[in-house]
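# Remarks on the overall topology
Letter by letter, the chains look like this.
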Amino acid sequence: MSDILCIYYSRTGHTWNAVCEIADALDAETVQITDDRDRSGWRGYIRCGMDAMKTSTRPLLPFQTEKPLSEYRLVIIATPVWAGRCASPIRALLKRRGLEMKNVAYVVTRSTTQRSEEVYDQMDMYTAQPHCLAVSLRPGSEGYEFWRNDFVQNVRRWLNN
């Protein structure tokens, strides 16, 4: 049983790909979350941006972890950036369960050149403590592998302290 949980939402597969690479490198458990919204196609894309702007969230579909969230040494939360914010299913997770997580790290995936690091502070509003590590990844970019590997190394260092 792992001490690290990678929990994520992915609409297009970019966040899923990034979190799977990170989880494999860290031998971490992975769990996907979602809600009951259809976010496929161009209408889904528009819906994502509108949902990201709202403060209300939809209930998540049930998900299962190997142990309670509070028992993980580190919970890595991965989200795409929607309209400068985390994905609404991730915000729903944080609003409902964020205080159960002792130590959190963030992986955000983005399609623009903007690093979107303000998303970290938005997510910290719902957790017991501010994040201990974070990375902003742009899938397909020249620096993607470097920053992903740097994040994995930083997680390993943090776990060894």
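Data block above holds the structure.
The text that follows walks through the structure, step by step, so that each part is easy to find. (Residues numbered from 1 in each chain as written. Predicted model: local features only at pLDDT ≥ 70, side-chain atom pairs only at ≥ 80, totals over all residues. Heavy atoms only, no water.)

This part takes up the overall build of the protein. When helices and strands are tallied, the protein shows five helices and six strands. When the helices and strands of the protein are placed in sequence order, the string is β-α-β-α-β-β-α-β-α-β-α. Over its C-alpha atoms the protein spans a radius of gyration of 15 Å, differing by no more than 12% from the 15 Å that the globule rule assigns to 161 residues. Out of the 161 residues belonging to the protein, those deemed buried represent 46%. For the protein, contacts bridging at least 24 residues in sequence account for 78% of all contacts bridging at least 6. Treating the 21 positive side-chain charges of the protein as one cloud and the 19 negative ones as another, the clouds have centres 7 Å apart. (Helix = DSSP H or I, 4+ residues; strand = E, 2+ residues; numbered from the N terminus. Rg over C-alpha atoms; globule rule 2.2 N^0.38 Å. Buried < 20%, exposed > 50% of the residue type's maximum accessible area, 1.4 Å probe, protein only. Contact = heavy atoms within 4.5 Å. Lys, Arg positive; Asp, Glu negative; His and termini not counted. Charge placed at Lys NZ, Arg CZ, Asp CG, Glu CD.)

Okay, the side chain of S116 next. Position of S116 among the secondary structure elements: in the loop between β5 (104–109) and α4 (118–124). Apart from the residues within four sequence positions on either side, S116 is in contact with V81 and R110.

Attention now goes to helix α1 (residues 14–26). Because an α-helix completes one turn every 3.6 residues, residues spaced three or four positions apart along the sequence face the same direction. Taking 1.5 Å as the rise per residue, α1 with 13 residues should run 18 Å; its terminal C-alpha atoms sit 19 Å apart, in good agreement. Every buried residue of α1 is listed here: T15, A18, V19, I22, A23 and L26. End-on, the buried residues of α1 take up no more than an arc of 130°, which puts them together on one face. At its buried positions, α1 is contacted by β1 (4–8), β2 (29–32), β3 (74–82), β5, β6 (133–137) and α5 (144–160). (Expected span 1.5 Å × (residues − 1). Arc of directions from axis to C-beta.)

For β6, the buried fraction is high: four of the five residues fall into the buried class. The pairing of β5 with β6 spans five bridges and is classified as parallel. Among the inter-strand pairings, V108 is bridged to a residue of β6, identified as S136. Once the chain exits β5 it traverses α4 before rejoining the sheet at β6, and the crossover so formed is right-handed. (Pairing = 2+ DSSP bridges. Right-handed = clockwise from strand over helix to strand, strands pointing away.)

As a further point, take the nonpolar core. Inside soluble globular proteins, nonpolar side chains tend to come together where they are buried. If you look at the biggest cluster of nonpolar residues, it comprises 27 residues, and the most contacted ones within it are I7, I33, V75, I77, I90 and M123. At the level of secondary structure, the elements contributing two or more residues to this core comprise β1, β3, α3 (88–97), β5 and α4. (Core = buried A, V, L, I, M, F, W, Y, C linked by side-chain atoms within 4.5 Å.)

That's the geometry; what it means functionally is another story.
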